[in-house]
Amino acid sequence: MHVTVIVPTRNERANVAEMVRQLGLALAGRRAEILFVDDSEDDTVAEIERVAQDAPLPVRVIHRSAGQRTGGLGGAVVAGLKAAAADVCVVMDGDLQHPPALVPALVDRHARGDADVVVASRYIGGGDSTGLGTTLRFGVSRAATLVTKAMFPVRLHGTSDPMTGFFLVDRRRVDVDALRPSGFKILLELLVRSDLRAAEVPMRFHARAEGESKATLRQGMTFLVHLARLRFGKMSLFALIGATGAVANIAIVWLLTALGMGYIWAAILAAEVTIVANFLLAERFVFADMRGRASGFRRRFVTSFAFNNAEAAIRIPVLAFLVETWHISSVLATAITLAAAFVGRFVFHSLVVYAPRRPREPGTETAGQKIIRILDEEAMRPGEL
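All of these numbers come straight from a predicted model, not from anything done at the bench.

Rules used throughout
For every chain, the first residue of the written sequence is number 1, and numbering continues from 1 onward in sequence order. The model is predicted, so local features are restricted to residues of pLDDT at least 70 and side-chain atom pairs to those at 80 or more, both for listing and for counting; the totals for chains, interfaces and linings are taken over all residues. Water and hydrogen atoms play no part in the side-chain values, which are based on all heavy atoms of the structure. Numbering of helices and strands starts at the N terminus; helices are DSSP runs of H or I of at least 4 residues and strands are runs of E of at least 2. We call two residues in contact whenever any of their non-hydrogen atoms come within 4.5 Å of each other. Here, a salt bridge means any side-chain nitrogen of Lys or Arg that lies within 4 Å of a carboxyl oxygen of Asp or Glu. In this scheme, a residue with accessible area under 20% of its type's maximum is buried, one over 50% is exposed, and one in between is partly exposed, where area comes from a 1.4 Å probe on protein chains only. In this context, the arc is that of the directions from the helix axis out to the C-beta atoms. Only protein atoms enter the 1 Å grid used here, on which a cavity is any set of points holding a 1.4 Å probe that cannot leave and a pocket is any open set flanked by protein within 12 Å on both sides along at least five of seven lines; residues with an atom within 4 Å of a point are listed as lining. Grid points are joined across faces, edges and corners, and a volume is the space filled by probe spheres set on the points. Throughout this entry, Asp, Glu, Lys and Arg are counted as charged residues, while Ala, Val, Leu, Ile, Met, Phe, Trp, Tyr, Cys and Pro are counted as nonpolar. The remaining residues, Gly among them, count as polar. Residues belong to a common nonpolar core when they are buried Ala, Val, Leu, Ile, Met, Phe, Trp, Tyr or Cys residues joined through side-chain atoms within 4.5 Å.

Chemist: Go over the side chain of Ser295 with me, naming the residues and quoting the values.
Modeler: Residue position: Ser295 is located in the loop between helix 8 (263-285) and helix 9 (297-324). Sequence-distant contacts of Ser295, that is, excluding residues within four places in its chain, are made with Arg300, Val353, Ala355 and Arg357.

See the structure below:
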């Protein structure tokens, strides 16, 4: 098998037959297969199986049940990379906005031997992004691309469209097991996490033929969080959530005192609300990859809630001590105590709240060694990727 075309799908029944037909024409005479990775709730799988019976190319389908859909579309692509019959894999959407006729150009460009990834770009000469539709969607797409390239200027140098979902990748050049996809921008993760040589071919992005777009506000938020995780790592994303909680805390205190509540009670209520909110955000976006091995949700929540309240009860007297005894300004004292509290919270959550359930066996690293390793990993992240 020379190439596997990986097509992640979610409720794309209406596009399956035409997708297979066009790919069959484009890849006629080549050793190729089509591998659908399906997350649908409709009968897309049945349609794929029906079309496969008379398809001009071998067609396979992997259906991920609701409990298996980790990583969203990106997770589906990773599942496809692991199951592909060929090492040369083309990834494309199943909505026909990515033109199947372009697949041979990607394969031929890779065959020249100087690229590990070949990107179908909307933003180089001969490319076209009018299929995005509205001016707003085009603007959002371009803005997201510019922000992403600014955050990874070295890794993404020479790649005009790192956000595209249409690309070829040589699986032999990627540690597939090391990928941690989240949402639908899997190419970005491949380029950032791996040292890959990239080339591009122009793509005319088509308008959607059938079905509905999967791009939502939630997908956008997931992308931003994943971007922050790729760029800054767990600790910085944890800090971002903490900073957001601090702003929310201030806003709640202001609102409640404006409504007549005493500032002490307002501060207590604001603290409890933000402690719960910060835990839920960290649970979803920072430690999601550790939840499966950790204790149950209830125990994680109670442990986190108790620690954060204990930390707050300790931090305030320390703050007062620094101001009253050492005569440090309240602003500087607040910054010092918050910085210390942040490191403590991060280490506690990493080592205790999300600790694996199984007991430590002889020969494994101690808690102290693990603390040092976690802090070293975060401190030693290269300043430029």
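Chemist: Can you tell me about the pattern of salt bridges, naming the residues and giving the values?
Modeler: Close approach of charged atoms allows side chains with opposite charge to pair. Throughout the structure, instances matching the rule amount to 18 salt bridges. Asp116 is the partner of Arg197 in a salt bridge, and the nearest nitrogen-oxygen pair spans 3.0 Å. In this pair, Arg197 is assigned in the loop between helix 6 (186-193) and strand 7 (198-202) and Asp116 in the loop between helix 4 (103-111) and strand 5 (117-121), connecting sequence segments 81 residues apart. Arg197 gets classed as partly exposed once you look at its relative accessible area, which sits at 41%. Asp116 sits in the buried class, given a relative accessible area of 2%.

Chemist: Residues and numbers for helix 1 (residues 16-26), please.
Modeler: Taken as a whole, helix 1 has its buried residues at Val16, Met19, Val20, Leu23, Gly24 and Ala26. What you see down the axis of helix 1 is that its buried residues fit within an arc of 165 degrees, all on one side. On its buried face, helix 1 sits against strand 1 (3-9), strand 2 (32-38), helix 2 (44-52), strand 3 (59-63) and helix 4.

Chemist: Describe the layout of surface pockets, listing the residues and the values that go with them.
Modeler: Remark: the empty space left among the atoms is shown by a probe the size of a water molecule rolled over them. Taken as a whole, the second largest pocket encloses approximately 990 Å³ of empty space. Together, 34 residues line the second largest pocket, and Asn249, Ala271, Thr274, Arg315 and Leu338 are the ones closest to its centre. Elements with a minimum of two residues in the lining of the second largest pocket: helix 7 (217-258), helix 8, helix 9 and helix 10 (330-353). Of the residues that constitute the lining of the second largest pocket, the class distribution is 20 nonpolar, 10 polar and four charged.

Chemist: An account of the environment of Ala246 is requested, with residue identities and associated values reported.
Modeler: Along the chain, Ala246 turns up in helix 7. The class of Ala246 is partly exposed, set by a relative accessible area of 39%. With 24 residues separating them in the primary sequence, Ala246 and Ala270 have C-alpha atoms 9.5 Å apart.

Chemist: Could you give an account of the nonpolar core, naming the residues involved and the relevant values?
Modeler: Counting 32 residues, the largest nonpolar core has Val90, Val103 and Phe166 as its most contacted members. Here this core takes four residues from helix 1, the largest share from any one element. Counting residues in each nonpolar core, the second largest holds 25 residues, with Ala84, Val119, Leu190 and Leu191 among its members.

Chemist: Give me unusual backbone geometry: which residues, what numbers.
Modeler: Even without a glycine there, the phi angle at Asn11 is positive, about 55 degrees. Here Asn11 falls in the partly exposed class, since its relative accessible area comes to 31%. Although it is not a glycine, Leu96 sits at a positive phi angle of roughly 70 degrees. Within the fold, Leu96 resides in the loop between strand 4 (88-91) and helix 4. Residue classification places Leu96 among the buried positions, given a relative accessible area of 10%.

Chemist: Summarise the environment of Leu237; cite the residues concerned and give the values.
Modeler: When you line up the elements, Leu237 lands in helix 7. Residues Leu237 and Val286, spaced 49 residues apart in sequence, show a C-alpha to C-alpha distance of 6.7 Å.

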